[in-house]
Amino acid sequence: MAITRVAVIGCGLIGRRRAGVVSEDASSVLASVVDSNAALASEAGAEFGCEWNADWRPVVARGDVDAVVIATPNAFLAPIAIEALRAGKHVLLEKPMGRTLSEARAIAAAAAVAGRLVKVGFNHRYHPALGAAFALVSSGTIGRPINIRAVYGHGGRPGYELEWRGDPALAGGGEATDQGVHIFDLIAWFAGVPSEVFAYTQSAVWPIAPLEDNAFGLFRFDSSALASFHTSWTQWKNRFTFEVYGELGSVEVTGLGKSYGTETLVTGTRNREGGPPRMTRREFDGPDESWRLEWADFQSAIRDGKPYMGGPQDGLAAMAMLDAVYRSAATGLTTAVG
Ligand SMILES: NC(=O)c1ccc[n+]([C@@H]2O[C@H](COP(=O)([O-])OP(=O)(O)OC[C@H]3O[C@@H](n4cnc5c(N)ncnc54)[C@H](O)[C@@H]3O)[C@@H](O)[C@H]2O)c1
């Protein structure tokens, strides 16, 4: 079996999680961990028993690294991804795909020139309830999708404004850029890329203006389907809901495990005679396998050339939706996506 030699850049919450997944995968070797904070890098090196570095540049240039995982603040995702692609590496970069649509386009272009794979960290696609809901919708079980309602949020934490997510230069955007892109990706996965959006943003509680702590919007599709979203850093009790309504029924996913509550899929089958629909409920209370499954998807693409989710087109779609959300919020106008 071909072994993929991997460098993980950024040893914070997500980078360490991804380094753990890589090091537990029999078909990957964790070659190096990198963090600009040398103490964090060396701690991660000791934890995973691999080389560490405080500078990503020599690491992405290494001949013995095949793939680079990037989990830094958003500002560094594009420059590191582009440099790694130019050095011939495959890249899994965290969401969002850069801070802006133009950074996302530059990443996609660099991948096309280099002939290397890019995957954006849309791990929600690998959550079991969302996967089961997608299978039901794509097999026609609920009929033609009519509308989607999505809510995603948490309540921040004291000093949130002092973290990199509160810094426009490092984050690029507020909550729509942070958790919103997951929702935009899911909407596009289930229903295709919408044609236009009307959105409002708020900077309501956290002193992070011009960044937003809430974004609301309504996407419209060429099919006339609609998708509403609310993404929030003032959702004091963490919440995730994703509902799709079709002509024949509905699917509703709530929770993502842990603080978001048990991941649950409720399926409704419309009663054509009238009266309540037939409802079935499934709970997925196992550990969060999304990170492992996401890595396995990427590995099979690298090793065997298999199709994978979260490629450049998916990343660009979510970033085009995000870009349109911000343009709509700034102008007060319904705005074309893309
Ligand atoms: N997929 C998801 O659900 C999910 C969840 C949370 C965060 N994320 C994404 O993961 C990325 C990291 O988020 P996090 O929560 O782990 O942040 P974090 O602050 O916990 O970690 C970021 C790390 O990057 C390091 N860093 C900063 N600049 C660097 C540089 N130039 N080179 C190397 N290292 C550098 C920091 O020292 C820090 O240790 C972000 O892009 C975020 O959007 C994704």
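Keep in mind that this is a model prediction, so the values were computed, not measured.

Asker: Tell me about helix α6 (residues 128-138), and please be specific about residues and values.
Answerer: Residues A129, L130, A132, A133 and V137 constitute the buried set of α6. Buried residues in α6, looked at end-on, bunch into an arc of 160 degrees, giving them a common side. Tucked into the core, α6 has its buried residues touching β7 (145-153), α8 (175-191), β11 (239-246), β12 (249-254), β13 (263-269) and β14 (278-284). Positive backbone phi, approximately 90 degrees, marks G140, located one or two places after α6.

Asker: Would you mind going over the site of the ligand in detail, with residue names and values included?
Answerer: Contacts to the ligand come from 27 residues, most closely from I14, D35, N74, K95 and W164. Take R165: an N or O atom from its side chain is 3.1 Å from an oxygen atom of the ligand. In this structure, an oxygen atom belonging to the ligand sits 3.0 Å away from a side-chain N or O atom of H182. When isolated, the ligand has an accessible area of 850 Å², and the protein chains bury 84% of it. Here the shell around the ligand is composed, by residue class, of 13 nonpolar, 10 polar and four charged. Mapped onto the domain boundaries, the shell around the ligand takes at least three residues apiece from domain 1 (4-121) and domain 2 (125-288 + 319-336).

Asker: Before we move on, could you go through the sheet that holds strand β2 (residues 28-34) and cite the residues and values that matter?
Answerer: Pairing within the open sheet is parallel, and its six strands lie in the order β3-β2-β1-β4-β5-β6. Two strands close off the open sheet at either side, each with one partner strand: β3 (51-53) and β6 (118-121). Going from strand to strand, the sheet's axes swing by 20 degrees on average, the running direction of each strand aside. Examined bridge by bridge, strand β4 (residues 67-70) and strand β5 (residues 90-94) share four bridges and lie parallel to one another. The residue of β5 that forms the bridge with A67 is H90. Across the sheet, helix α1 (residues 13-24) touches β1 (4-9), β2, β4, β5 and β6, and the angle it forms with β2 is around 155 degrees.

Asker: Tell me about the pairing of β5, and name the residues and values.
Answerer: Of all five residues in β5, five are buried, a share of seventy percent or more. Here β5 shows a buried face lined by H90, L92 and E94 and a second buried face lined by V91 and L93. Where the polypeptide runs from β4 across helix α4 (residues 77-86) and back to β5, its parallel neighbour, the crossover connection is right-handed. Across four bridges, β5 lies against β6 in parallel orientation. Paired with L92 across the bridge in β6 is K119. As for the winding sense of the linkage, the β-α-β connection from β5 through helix α5 (residues 101-114) to β6 is right-handed.

Asker: Lay out the nonpolar core in plain terms, naming residues and giving numbers.
Answerer: Formed by 73 residues in total, the largest nonpolar core has its most connected members in M97, I107, F184, I187, F219, F240 and F242. Top element by residues in this core is α8. It accounts for nine residues. When near neighbours in sequence (up to four residues on either side) are disregarded, F219 contacts F184, I187, P194, E196, V197, A225, L226, A227, F229, M321, V325 and V337. If you look at the next biggest cluster of nonpolar residues, it comprises 18 residues, including V8, A19, V21 and C50.

Asker: So, the confidence of the model for the chain: which residues are in play, and what are the values?
Answerer: Scored by pLDDT, the chain comes out at a mean of 98, with 100% of its residues at no less than 70. Averaged over each element, pLDDT in the chain is lowest for helix α9 (residues 290-304) (97) and highest for strand β10 (residues 226-232) (99).

Asker: Go over a nonpolar patch on the surface with me, naming the residues and quoting the values.
Answerer: The grouping of M1, I3 and V29 at the surface amounts to a nonpolar patch, some 300 Å² of accessible area in total. With respect to the helices, strands and loops of the structure, V29 is situated in strand β2. What makes V29 partly exposed here is its relative accessible area of 40%.

Asker: Describe the packing of α6 against α8, with residues and values.
Answerer: When two helices pack together, their arrangement is given by the angle between their axes and by how far apart the axes lie. Where α6 meets α8, the closest approach of the two axes is 10 Å, and the angle between their N-to-C directions is 30 degrees. If you check the angle between α6 and α8, you find them roughly parallel. Contacts between α6 and α8 involve L130, G131, A133, F134 and V137 on the former and, on the latter, L186, W189 and F190. When grouped by side-chain class, the residues that make up the contact of α6 with α8 number seven nonpolar, one polar and no charged.

Scoring rules and cut-offs
Residues numbered from 1 in each chain as written. Predicted model: local features only at pLDDT ≥ 70, side-chain atom pairs only at ≥ 80, totals over all residues. Heavy atoms only, no water. Buried < 20%, exposed > 50% of the residue type's maximum accessible area, 1.4 Å probe, protein only. Helix = DSSP H or I, 4+ residues; strand = E, 2+ residues; numbered from the N terminus. Arc of directions from axis to C-beta. Contact = heavy atoms within 4.5 Å. Near = heavy atom within 4 Å. Polar contact = N/O pair within 3.5 Å; in protein donor to acceptor, adjacent residues only side chain to side chain. Areas by Shrake-Rupley, 256 points an atom, 1.4 Å probe, with all protein chains shown as cover. Nonpolar A, V, L, I, M, F, W, Y, C, P; charged D, E, K, R; others polar. Domains from an automatic or database assignment. Pairing = 2+ DSSP bridges. Axes fitted to C-alpha atoms, helices over the stretch in contact; angles between N-to-C directions. Right-handed = clockwise from strand over helix to strand, strands pointing away. Core = buried A, V, L, I, M, F, W, Y, C linked by side-chain atoms within 4.5 Å. pLDDT = per-residue confidence, 0-100. Patch = residues over 30% accessible without salt bridge, like charges linked within 9 Å, V, L, I, M, F, W, Y side chains within 5 Å. Salt bridge = Lys/Arg side-chain N within 4 Å of Asp/Glu carboxyl O. Parallel < 35°, antiparallel > 145°, perpendicular 65-115°, else oblique.

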